[in-house]
Amino acid sequence: MLGMSMGMVLACAPAAVADLDLAEYRAMIRPSDEELSFESIGWKPTFWEAVTEAQATGKPILLWAMNGHPLACT
Amino acid sequence: MVSADEVHRLQTGSDPESKLAQKVFEQGHYAGRTQPSSTRQGIYAAAPSGEMLASVNSNDANRVAAMLRQALNKWNGMTEAQRMLPGSPVEIKKQIRRAEDMFPKDGLTLRVFSRDLPGGQRPPDWRADAWNQSFAWFRRGELQLPTGPMPKVGQTVPLVSIIPRRLAKLNFLDNVRGQTGPFDDRNIRAASLQGTVESIKGSVITLKLSGESHTERTGQWSIRGFNDAPSPQRQEMKLALSGRAVFDQAAGKFAEFELLAVGTRTGATQFNGRHDDPGPARIGFYATLTGDQPSERVAPDYISAYGWN
């Protein structure tokens, strides 16, 4: 990946913004633990995984289905 | 068992997973609906057989709890034969192909968060703290791993262009308040990412990342969901990129990767909730390596644009 001969970098002006403070912006943008707490539920990321496990354990299924995957961009 | 999944594929697919989901959906709250859309999104309780127990499309906890109680009552009154799927789900899985099956274990996989930055318009509701996320995958072959000599400290080298271009088109999108469509190659005004070597320890190279991302499109589209007709629009995303990465040349993979994209958004799209806040306003993205949780292996939204088979 690293190498001057690799990749086609577009001709463009240098970034207009100077060095961004990584820690500062990370804290602003990255969701807090509370905001990510929905992930602690242990969602199966595909419906069929839940069907498979529900069938094996004799349990019902709760499906959260959205336009855009609920665990990604919705 | 709890599952979260994307509804469009399930409600339109023809594989056994989609067919079973459709059986559930067509007993639920949006069964048969076509207007204002045919979406079947919502929360469903179902038996593995596909028998629906109860459903609702609401983020009201009391309504969801009531739905769950109703579902449990129905479940308790069902026989084993009514509850269970005929056949083995493990065997049936062999007929199901999903984008998640293409997860590039030996490539680069990123989780990209988005959020409005201070300075913009902040309404006194959920939109004030809204955020979203997406995923970006790169196969090892796409990364064109180097075989040449190690770079020197202080040297600046471009990262393979597919990284900033894919991020610009498919991840650096104004999805903070809701989904928006991807950009395409014609919309890219600039997309570059380079690394300056900060240190080298053995085969491990620490890079300071910098670059830019600029996309722009014009056309006719709606900006108020289903409530307006298409009209002339312009959308632009102009970002400065900065970050840090640790690349292990011997292992051929990134051990660490953090990338900020900070800049200005302009415009609105049909479902991204910006009709009353089109900017220009500040927006930020933070990309980092995915973890090992199953929830971090969800396929990228626009993986169909990757050209992968």
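As a starting point, this report considers the structure included with it.

Some points on the overall build of chain A
Then step 1. The number of helices and strands found in chain A is 2 helices and 1 strand.
Then step 2. The helix and strand sequence of chain A, counted from the amino end, reads α-α-β.
Then step 3. The 74 residues of chain A split such that 41% are buried.

Some words on the overall build of chain B
Then step 1. The secondary structure content of chain B amounts to 6 helices and 11 strands.
Then step 2. If you line up chain B on its principal axes, its C-alpha atoms span 70 × 45 × 30 Å.
Then step 3. Scored against the burial criterion, the 309 residues of chain B give a buried share of 39%.
Then step 4. Restricting the contact set of chain B to residue pairs at least 6 apart, pairs at least 24 apart contribute 62%.

A few points about the sheet that holds strand S11 (residues 281–289) of chain B
Then step 1. As summarised here, the arrangement of the 8 strands in space is S5-S4-S11-S10-S9-S8-S7-S6 (chain B), forming an open sheet in which the pairing is antiparallel. Looking at the sheet topology across the chains shown, the edges are occupied by strand S5 (131–138) and strand S6 (156–158) of chain B. Strand after strand, the sheet turns through a mean of 20° between neighbouring axes, direction not considered.
Then step 2. Where helix H1 (residues 22–29) of chain A meets the sheet, its contacts fall on strand S4 (108–116), strand S9 (231–248), strand S10 (253–266) and S11 of chain B, and the angle it forms with S11(B) comes to roughly 100°.
Then step 3. Here helix H6 (residues 162–170) of chain B sits on the sheet in contact with S5, strand S7 (188–201), strand S8 (204–221) and S11 of chain B, set at roughly 135° to S7(B).

A short note on the interface of chain A and chain B
Then step 1. Contacts between the two partners involve 55 residues from chain A, matched on the other side by 80 residues from chain B.
Then step 2. Those elements giving two or more residues to the side of chain A that touches chain B turn out to be H1, helix H2 (47–57) and strand S1 (61–66) of chain A.
Then step 3. Top element by residues in the side of chain A that touches chain B is H2(A). It accounts for 9 residues.
Then step 4. Residues belonging to the side of chain A that touches chain B are distributed by class as follows: 36 nonpolar, 10 polar and 9 charged.
Then step 5. Where S1(A) lies against strand S1 (residues 2–6) of chain B, 5 bridges are found, and the strand directions are parallel. Counterpart to Met66(A) in the pairing with S1(B) is Glu6(B).

As for unusual backbone geometry
Then step 1. Omega for the bond connecting Gln35(B) with Pro36(B) falls within 30 degrees of zero, at 0°, which places this linkage in the cis form.
Then step 2. The residue Pro36(B) is located in the loop between helix H2 (16–25) and strand S2 (42–46) in this model.

A look at the environment of Arg30(A)
Then step 1. Relative to the helices and strands, Arg30(A) resides in the loop between H1 and H2.
Then step 2. When the C-alpha positions of Arg30(A) and Cys73(A) are compared, they lie 14 Å apart, and in sequence the two are 43 residues distant.
Then step 3. For Arg30(A), the residues in contact, after removing those within four places along its chain, are Phe113(B) and Tyr286(B).

Definitions and cut-offs
Residues numbered from 1 in each chain as written. Chains lettered and ligands numbered in written order. Predicted model: local features only at pLDDT ≥ 70, side-chain atom pairs only at ≥ 80, totals over all residues. Helix = DSSP H or I, 4+ residues; strand = E, 2+ residues; numbered from the N terminus. Buried ≥ 20, exposed ≤ 12 C-beta atoms within 10 Å, placed from the backbone. Contact = placed C-beta atoms within 7 Å. Pairing = 2+ DSSP bridges. Axes fitted to C-alpha atoms, helices over the stretch in contact; angles between N-to-C directions. Nonpolar A, V, L, I, M, F, W, Y, C, P; charged D, E, K, R; others polar.

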